[in-house]
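Chain by chain, the residues:
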Amino acid sequence: MAKEDWNMARMIEIGISEQDRKEIAEGLASLLADSFTLYLKTHNFHWNVTGPMFQTLHVQFQEQYTELWNALDVIAERIRALGFAAPGSFGRFAQLSSIPEEDGVPRATAMIEQLVLGQEAVTRTARRVFEVASKANDQPTADLLTQRMEIHEKNAWMLRSLLEE
């Protein structure tokens, strides 16, 4: 195959315009950054939680950070399937994420509150990208986003339940 033919063969023709793929990939990059930031925060809290709810929170945080860790690859691979590079550095994630970092070790209740806000932030990001994916008729991305929203909404509910008196 000649070089020109190879370059033409490499063009992505999946029924989604390049501009739409770019916009979706950019949204997914924000979702990846939010998810990574929430993963890191949840793992940090898993390591550092103390108090009377220690066992419950230690286990719940582990379940949530493990699920987030596995989701990172799915999100990044969808960006790649759309033809774009996935972000992969702390600096880039910090630029793209809507979730603030936590440098300290807050009390258990404050950890839960921060994680509720983080779960809700990821849900909002996914919902924003879902609109773009739906308009572009990108069912694989829409499916991924629907699954992410369901998981994060459920996690937020479970965490909020721990704050009830």
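The following refers to the structure shown. Note that the structure is predicted; figures quoted are calculated from it, not measured.

The rules behind these values
- Residues numbered from 1 in each chain as written.
- Predicted model: local features only at pLDDT ≥ 70, side-chain atom pairs only at ≥ 80, totals over all residues.
- Heavy atoms only, no water.
- 1 Å grid on protein atoms, 1.4 Å probe; cavity = no way out; pocket = protein on both sides within 12 Å on 5 of 7 lines; lining within 4 Å.
- Points joined across faces, edges and corners; volume = space filled by probe spheres on them.
- Helix = DSSP H or I, 4+ residues; strand = E, 2+ residues; numbered from the N terminus.
- Nonpolar A, V, L, I, M, F, W, Y, C, P; charged D, E, K, R; others polar.
- Axes fitted to C-alpha atoms, helices over the stretch in contact; angles between N-to-C directions.
- Parallel < 35°, antiparallel > 145°, perpendicular 65-115°, else oblique.
- Left-handed = near helix turned anticlockwise from the far one by under 90°.
- Expected span 1.5 Å × (residues − 1).
- Buried < 20%, exposed > 50% of the residue type's maximum accessible area, 1.4 Å probe, protein only.
- Contact = heavy atoms within 4.5 Å.

## Things to note about the layout of surface pockets
Part 1: The volume enclosed by the largest pocket comes to roughly 230 Å³.
Part 2: Lining the largest pocket are 13 residues, and of these T37, L40, K41, E101 and E102 sit closest to its centre.
Part 3: Residue contributions to the lining of the largest pocket peak at 5 residues, all from helix α2 (residues 18-48).
Part 4: Here the residues of the lining of the largest pocket sort into 6 nonpolar, 3 polar and 4 charged.

## Focus: the packing of α2 against helix α3 (residues 54-81)
Packed helix pairs are specified by the crossing angle of their axes together with the interaxial distance, meaning the distance between the axes.
Part 1: Where α2 contacts α3, the axes come no closer than 8 Å and their chain directions differ by 155°. By the angle between their axes, α2 is roughly antiparallel relative to α3. Considering only the axes of α2 and α3, their crossing is left-handed.
Part 2: In terms of residue class, the contact of α2 with α3 is built from 17 nonpolar, 7 polar and 1 charged.

## What about helix α6 (residues 139-162)?
Part 1: The end-to-end C-alpha separation of α6 is 35 Å, in line with the 34 Å expected for 24 residues at 1.5 Å each.
Part 2: Along α6, the positions that sit buried rather than exposed are T141, A142, L144, L145, R148, M149, H152, N155, A156 and L159.
Part 3: In this structure, the buried side of α6 is in contact with α2, α3 and α5 (108-135).

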